[in-house]
Amino acid sequence: MSNTAGQVIRCKAAVAWEAGKPLVMEEVEVAPPQKMEVRVKILFTSLCHTDVYFWEAKGQTPVFPRILGHEAGGIVESIGEGVTELQLGDHVLPVFTGECKECAHCKSEESNMCDLLRINTDRGVMLNDGKSRFSINGKPIYHFVGTSTFSEYTVCHVGSLAKVNPEAPLDKVCVLSCGISTGFGATVNVAKPKKGHTVAVFGLGAVGLANLAVLYRGSSRVANTFYDSVIIETRVDEYLLIQACEGARVCGASRIIGIDLLPSRFEAAKNFGVTDFVNPKDHDKPVQEVIAEMTNGGVDRSIECTGNVQAMISAFECVHDGWGVAVLVGVPNKDDAFKTHPMNFLNERTLKGTFFGNYKPRTDIPVVVEKYMNKEMELDKFITHEIAFKDINKAFDLMAKGEGIRCIIRMDA
């Protein structure tokens, strides 16, 4: 037992008191874990665009005050009743979705949409008793997607924690708990492009470039014929976008077309295998038409990671008839509607969705970590900044400026 087990812990947390306002460093009380819960000491965390999205609360239900954060690595401090798979000192990655291992989805080889622990962005309390484990002066501070990693200590359901190799550096593998796995998995697990395919990536941020890396690895040529093409369309979250590129590279794509509104990202994207660049601002026609002309009728695959509904439509309409498949990754606004002509489906284009790259958190993420340990995938090149926890608002500034890919936040600095 740790010397704090069963006790309330007082620690620092970055609290979002209201939409769009800078986070405030506060001393919070973190209650002991209850049944099937685990209290985790967070060592490293990172800012994801999803955190910014719900911090802004422009397209989703506002829930404040709240502790955001969902991409992190830490160590188990104490466990609640019924927890048997984790022990004190285990290294874990909190994940915004979960795996109860008992429901139909968890038992299915095709799904990772756990009935019990599926992401719920509106819920700010724990499942066991409907209460928050965070408080300030007796007043509750709400959780975020079951993780709330912008706190030195947090409480998660055991099903939302992936136990990983203790030799794995948490300041690197922590990024696998969201963006990289989402973008990378969308390519390798769902889009499944083949060696030699041509790929286009919309949005040259982290998730998009991750997909590219998957597609590019093993590439035998730069295609002059555009019969086999893949397009990856991704959102403002640079991290997710870059992972789409990384996925493309690893899968062996031969030509990778990057599409982005920020020309400054083009040079850096070359490191992830991008060979061609398109800025939609430079064209007076829909970007799906531009891509179709470049690829002799459309691409084989598209992956959309932006959450922008117009980008989703473009990703679908740019795939080739007969065999094209579009995969949607980004989370749209709650009132968005996807509109396209039914003939796009009748002409044998396929539209698919994916969630967390189709990875089961507890089962699959430890395996992905081992791929990194075995040098089968790269993580270091996605991490461009590192800051102290007290400076967390600088991470928001970097993301707003479109600078860098991922910023690691050290909790002990």
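1. Overview of the overall build of the protein
Scanning the protein for helices and strands turns up 12 helices and 18 strands. When each of the 413 residues of the protein is scored for burial, the buried share is 58%. Pairs at least 24 residues apart make up 76% of the contacts formed inside the protein by residues separated by at least 6 positions. Surface accessibility of the protein: about 16600 Å² in total, with carbon and sulfur atoms responsible for 49%.

2. Describing the pairing of strand E14 (residues 301-304)
Taking every second residue as pointing to the same face, both faces of E14 are buried, with Arg301 and Ile303 on one and Ser302 and Glu304 on the other. Traced from E14 through helix H9 (residues 309-317) to strand E15 (residues 325-328), the parallel crossover comes out right-handed.

3. Here's the deal with the pairing of strand E8 (residues 153-157)
Burial of E8 is extensive: 5 of the 5 residues sit out of reach of the surface. As defined by bridge partners, strand E3 (residues 37-46) adjoins E8 across 5 bridges and the pair is classed as antiparallel. Residue Glu37 lies in a different strand from E8, and its bridge partner there is His157.

4. Considerations on H9
Counting buried positions over the 9 residues of H9 gives 7, a clear majority of the element. When H9 is considered as a whole, its buried residues turn out to be Val309, Ala311, Met312, Ile313, Ser314, Ala315 and Phe316.

5. What to know about the sheet that holds strand E7 (residues 139-141)
Paired through backbone hydrogen bonds, the strands of a sheet run either parallel or antiparallel to each other. Pairing in this open sheet of 4 strands is antiparallel, and the strands run E1-E2-E6-E7 from one edge to the other. The open sheet is flanked by strand E1 (9-15) and E7, the only strands paired with a single partner. Taking the axes of each pair of neighbouring strands and ignoring which way they run, one obtains an average angle of 50° across the sheet. Relative to strand E2 (residues 24-30), E1 is paired through 7 bridges, and the arrangement is antiparallel. Along E2, the bridge assignment pairs Ala13 with Glu26.

6. Re the environment of Leu86
One can find Leu86 in the loop between strand E4 (71-79) and strand E5 (91-94). Residue Leu86 is classed as buried on the basis of its relative accessible area of 4%. Residues Leu86 and Val38, 48 residues apart in the sequence, show an inter-C-alpha distance of 8.4 Å. Leu86 has contacts with Val38, Val76, Ile79, Val92, Val158, Leu161 and Lys163, leaving out every residue within four places of it along the chain.

7. Section: the side chain of Glu99
Here Glu99 shows up in the loop between E5 and helix H2 (104-107). Buried and unpaired, Glu99 has no salt bridge, with Lys101 as the nearest side chain of opposite charge at 5.1 Å. With residues near it in sequence (within four places) discarded, Glu99 still touches Cys106, Cys114, Leu117, Gly159, Lys360, Pro361, Arg362 and Thr363.

Conventions adopted
Residues numbered from 1 in each chain as written. Predicted model: local features only at pLDDT ≥ 70, side-chain atom pairs only at ≥ 80, totals over all residues. Heavy atoms only, no water. Helix = DSSP H or I, 4+ residues; strand = E, 2+ residues; numbered from the N terminus. Buried < 20%, exposed > 50% of the residue type's maximum accessible area, 1.4 Å probe, protein only. Contact = heavy atoms within 4.5 Å. Areas by Shrake-Rupley, 256 points an atom, 1.4 Å probe, with all protein chains shown as cover. Right-handed = clockwise from strand over helix to strand, strands pointing away. Pairing = 2+ DSSP bridges. Axes fitted to C-alpha atoms, helices over the stretch in contact; angles between N-to-C directions. Lys, Arg positive; Asp, Glu negative; His and termini not counted. Salt bridge = Lys/Arg side-chain N within 4 Å of Asp/Glu carboxyl O.

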